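Residue strings, one per chain:
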Amino acid sequence: ADVAVAASAALDSRIRVWNLDTGSLNLEIDCGPMSYGVALSPDGATVAAGSMGGISLWDAASGSKTASLSIGSDRIVLCAGGVHVFE
């Protein structure tokens with residue numbers, strides 16, 4: 001069965017991935033610079049975080065960083081059709 005998850009970013013430079021069925025914390029990622037926004041992929045497998053340095057992608061199960069994009073934007077949306085970055 002699929003597990004409903006959500007991600008949050010906080011002023012402490014941590015991203016948290018939550019299990020919405022139980023309310024428990026699944027994972028805490030120290031993402032370095034403060035994240036201004038966070039998004040989950042439609043399948044819940046990837047977390048994207050936007051900061052002044054660009055955008056980083058993280059594995060939502062392990063917390064491993066999978067990619068970094070140094071771009072002039074911190075706003076991102078993950079969707080079934082791909083990654084959308086907004087200037």
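Residues numbered from 1 in each chain as written. Predicted model: local features only at pLDDT ≥ 70, side-chain atom pairs only at ≥ 80, totals over all residues. Heavy atoms only, no water.

Draft legend 1. Fine view of the overall build of the protein chain. Each helix and strand counted, the protein chain has zero helices and nine strands in total. Its helices and strands taken in sequence order, the protein chain reads β-β-β-β-β-β-β-β-β from the N to the C terminus. The buried share among the 87 residues of the protein chain stands at 32%. In the protein chain, the share of contacts with a sequence separation of at least 24, taken over all contacts with a separation of at least 6, comes to 22%. Of the roughly 5,000 Å² that the protein chain leaves accessible, carbon and sulfur atoms contribute 54%. (Helix = DSSP H or I, 4+ residues; strand = E, 2+ residues; numbered from the N terminus. Buried < 20%, exposed > 50% of the residue type's maximum accessible area, 1.4 Å probe, protein only. Contact = heavy atoms within 4.5 Å. Areas by Shrake-Rupley, 256 points an atom, 1.4 Å probe, with all protein chains shown as cover.)

Draft legend 2. Local environment of the sheet that holds strand β1 (residues 5-9). The sheet built from three strands is open, its strands ordered β1-β2-β3 with antiparallel pairing. Strand pairing shows two members of the sheet lacking a second neighbour, β1 and β3 (25-30), which therefore form its edges. Put simply, the sheet's adjacent strands are angled 15° from each other on average, direction ignored. Where β1 and strand β2 (residues 14-19) come together, five bridges link them in antiparallel fashion. Across the sheet, residue Ala 6 finds its bridge partner in β2, namely Trp 18. (Pairing = 2+ DSSP bridges. Axes fitted to C-alpha atoms, helices over the stretch in contact; angles between N-to-C directions.)

Draft legend 3. Quick peek at the nonpolar core. Of all hydrophobic cores here, the largest spans 10 residues; its members are Ile 15, Val 17, Leu 27, Ile 29, Cys 31, Leu 40, Val 47, Ala 49, Trp 58 and Ala 60. Of all the elements in the fold, those that place two or more residues in this core are β2, β3 and β5 (46-51). Beyond its immediate chain neighbours, meaning those up to four positions away, Ile 29 contacts Ser 13, Arg 14, Ile 15, Trp 58 and Gly 63. (Core = buried A, V, L, I, M, F, W, Y, C linked by side-chain atoms within 4.5 Å.)

Draft legend 4. Layout of unusual backbone geometry. Phi is positive for Ser 13, close to 65°, though the residue is something other than glycine. Within the element layout of this structure, Ser 13 appears in the loop between β1 and β2. Accessibility expressed as a relative area gives 15% for Ser 13, which makes it buried.

Draft legend 5. Representation of the pattern of salt bridges in the model. Under the defined criterion, the tally for this structure stands at two salt bridges. Across the pair Arg 16 and Asp 12 runs a salt bridge, and its minimum N-O distance is 2.6 Å. In this structure, Glu 28 engages Arg 16 in a salt bridge whose closest nitrogen and oxygen atoms are separated by 2.8 Å. Of this pair, Glu 28 sits in strand β3 while Arg 16 sits in strand β2, and the two are 12 residues apart along the sequence. Overall, the relative accessible area of 38% leaves Glu 28 in the partly exposed class. (Salt bridge = Lys/Arg side-chain N within 4 Å of Asp/Glu carboxyl O.)

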